[in-house]
Amino acid sequence: MMNFNYQNPTHIVFGQDRLQELDQLVPANAKVLVLYGGGSVKKFGTLEKVLAGLGNREVFEFSGIEPNPTFNTLMKAVEIVRAENIDFLLAVGGGSVMDGTKFVAAAAPYEGDEVDLLKAGFAGAPITSAIPLGTVATLPATGSEMNMGAVISHDIGKLPVMSPLLYPQFSILDPSLTFTLPPEQIANGVVDAFVHVLEQYATYPVDARIQDRMAEGILKTLIEVGPVTLAEPDNYDARANLMWSATSALNGYIGVGVPQDWGTHMIGHELTDLFGLDHAQSLAVVLPSLWKLRKDKKRAKLVQYAERVWDIREGSDDEKVDLAIEKTRDFFESLGVKTRLSQYGVEHNQIENVIKALEAHGMTALSETGDQDLNTSREILEDAYTA
């Protein structure tokens, strides 16, 4: 197992009817900006409950954060924070709203060019302070409610913003708030969480037994509850397990001391940016083909995945791996998430545009060992087109 440091300061408030506790979670004298996306939080009464929970505090609202939050939209929220001297941010929504709120938290006190916050990548944003924030999660998917990262879209691409200063102080996770979500959003959430786990798991062995077993447990849980929560939208137990799986997938715990491979995400970000695929759709397209092309590099962990997650016990190691890849693709498809690039209206000759974008963004040495070059990424996309 590799050396690691681990600290996660986010206070999780999990369960039904917890919004009423906002009054104890937000500082009593805070001037609050509530940020959200479209009209669903209003339509289904979540925003009303949030505002009631904030009591007599001075509260401002900012709406319109997109599914892939953009720099230009978020800078409008930054202007409000600065003009009104906001000192606490509350994200109400899914991963995009939470990510956008983290960027606002970083950008509002920043004295330089805010675009610079998008350029540091995984090395960490160049900030020394941030506006405190909390979240009310309404969509189980990204794990943004318990980590320090965000992904923001701008003219220069879809880029990560990272800092320990961006951990939410608290996150309210009420599974019943997800009952009204459209089926495609729930399906996307299952896929997103599933791939988050796999990119920290399907690399190479380092004898990290706790991390492996926890990752396998999350994967098996998602396989079990994913179809149930689609078929039974008001099944609280299924939604509770889905919500905690999504949080656990990317709160850092299963990723400590192990190699990680975020190549699927990096290619997926370009597909979303260029062609408008949902984030989870892009992951479902890339992952099976990436594994197919790189299975020799990941063989030991893919065999372990086949045996422990899919209970594949018969056949050679090659046969186990191939069947596990097939079962993974079938799982995504069973949720209604297509896994072929051609199914999203992308033309074959547009693959080269993805390669150019990867090169422009410095994504030329992906994988857990840094040996996935642009030629390999091209082969992955070729395979993913009509695999």
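The rules we used
- Residues numbered from 1 in each chain as written.
- Predicted model: local features only at pLDDT ≥ 70, side-chain atom pairs only at ≥ 80, totals over all residues.
- Heavy atoms only, no water.
- Helix = DSSP H or I, 4+ residues; strand = E, 2+ residues; numbered from the N terminus.
- Rg over C-alpha atoms; globule rule 2.2 N^0.38 Å.
- Buried < 20%, exposed > 50% of the residue type's maximum accessible area, 1.4 Å probe, protein only.
- Contact = heavy atoms within 4.5 Å.
- Areas by Shrake-Rupley, 256 points an atom, 1.4 Å probe, with all protein chains shown as cover.
- Lys, Arg positive; Asp, Glu negative; His and termini not counted.
- Charge placed at Lys NZ, Arg CZ, Asp CG, Glu CD.
- Axes fitted to C-alpha atoms, helices over the stretch in contact; angles between N-to-C directions.
- Parallel < 35°, antiparallel > 145°, perpendicular 65-115°, else oblique.
- Left-handed = near helix turned anticlockwise from the far one by under 90°.
- Nonpolar A, V, L, I, M, F, W, Y, C, P; charged D, E, K, R; others polar.
- Pairing = 2+ DSSP bridges.
- Phe/Tyr/Trp six-rings, centres within 6.5 Å; stacked < 30°, edge-to-face > 60°.
- Core = buried A, V, L, I, M, F, W, Y, C linked by side-chain atoms within 4.5 Å.
- Polar contact = N/O pair within 3.5 Å; in protein donor to acceptor, adjacent residues only side chain to side chain.
- Salt bridge = Lys/Arg side-chain N within 4 Å of Asp/Glu carboxyl O.

Colleague: For the overall build of the protein chain, give the residues involved together with the corresponding values.
Modeller: Within the protein chain, the regular secondary structure consists of 14 helices and eight strands. Here the C-alpha radius of gyration of the protein chain, 20 Å, is about what a compact globule of 387 residues would show, namely 21 Å. Along the first, second and third principal axes, the C-alpha atoms of the protein chain reach 65 × 45 × 45 Å. Within the protein chain, the fraction of its 387 residues that count as buried is 57%. Taking contacts inside the protein chain between residues at least 6 apart in sequence as the whole, the part at least 24 apart equals 77%. Surface accessibility of the protein chain: about 15,700 Å² in total, with carbon and sulfur atoms responsible for 48%. Here the protein chain contributes 31 positive and 52 negative side-chain charges, whose respective centroids are spaced 3 Å apart.

Colleague: How would you explain the packing of helix H10 (residues 279-294) against helix H14 (residues 374-386) if you had to name every residue and give the values?
Modeller: With their axes 8 Å apart at the nearest point, H10 and H14 run at an angle of 120° to one another. For the element pair H10 / H14, the angle class is oblique. The two elements H10 and H14 meet at a crossing, and its hand is right-handed. Contacts between H10 and H14 involve Val285, Val286, Ser289, Leu290, Lys292, Leu293 and Arg294 on the former and, on the latter, Thr376, Glu379, Ile380, Asp383 and Ala384. In terms of residue class, the contact of H10 with H14 is built from six nonpolar, two polar and four charged.

Colleague: Got a sec to walk through the sheet that holds strand E2 (residues 31-36)? Specific residues and values, please.
Modeller: The sheet built from six strands is open, its strands ordered E1-E8-E5-E4-E2-E3 with parallel pairing. Each of the sheet's edge strands pairs with one partner strand only, and the pair in question is strand E1 (11-14) and strand E3 (58-62). Between one strand axis and the next, the sheet turns through 20° on average, direction left out of account. Each of E2, strand E4 (88-93) and strand E5 (133-137) touches helix H5 (residues 95-107); the most contacted strand, E4, lies at about 165° to it.

Colleague: How would you sum up the packing of aromatic side chains? Please name residues and give values.
Modeller: Under the defined criterion, the tally for this structure stands at 10 aromatic pairs. An angle of 80° between the planes, with centres 6.0 Å apart, marks the rings of phenylalanine 14 and tryptophan 244 as edge-to-face. You can see phenylalanine 14 sitting in strand E1 and its partner tryptophan 244 sitting in helix H8 (residues 236-249), a full 230 residues away along the chain. Judged by relative accessible area, tryptophan 244 falls into the partly exposed class, the value being 38%. Measuring from ring centre to ring centre gives 6.3 Å for tryptophan 310 and phenylalanine 331, while their planes differ by 65°; the resulting arrangement is edge-to-face. Note that tryptophan 310 is positioned in the loop between helix H11 (299-308) and helix H12 (317-334) and phenylalanine 331 in helix H12, a separation of 21 residues in sequence. Note on phenylalanine 331: relative accessible area 5%, which makes it buried.

Colleague: Explain the nonpolar core to me, using residue names and the numbers behind them.
Modeller: Grouped together as the largest cluster of nonpolar side chains are 62 residues, with contacts concentrated most on Phe194, Trp291, Tyr305 and Leu341. Ranked by the residues each element gives to this core, the list is headed by helix H6 (residues 183-201), at 10 residues. In this structure tyrosine 305 touches Phe194, Leu198, Tyr201, Leu219, Trp291, Trp310, Ala324 and Thr328, once residues within four positions along its chain are discounted. Residues Leu33, Ala91, Ala107 and Leu173 belong to the second largest nonpolar core, which totals 37 residues.

Colleague: If you had to explain the side chain of serine 248 to someone new, which residues and values would you point to?
Modeller: In this fold, serine 248 is placed in helix H8. Separated by 2.8 Å, the side chain of serine 248 and the backbone oxygen of tryptophan 244 make a polar contact. Those residues in contact with serine 248, other than ones at most four positions away along the chain, are Ile218 and Ile254.

Colleague: So what's going on with the pattern of salt bridges? Residues and values would help.
Modeller: Counted according to the given criterion, the structure contains 20 salt bridges. Glutamate 368 is paired through a salt bridge with lysine 298; the nearest N and O atoms lie 3.2 Å apart. Taken together, the residues glutamate 368 in the loop between helix H13 (351-360) and H14 and lysine 298 in the loop between H10 and H11 connect sequence positions 70 residues apart. By the burial criterion, glutamate 368 is buried, and lysine 298 matches it.

Distances and angles like these do not, on their own, reveal function.
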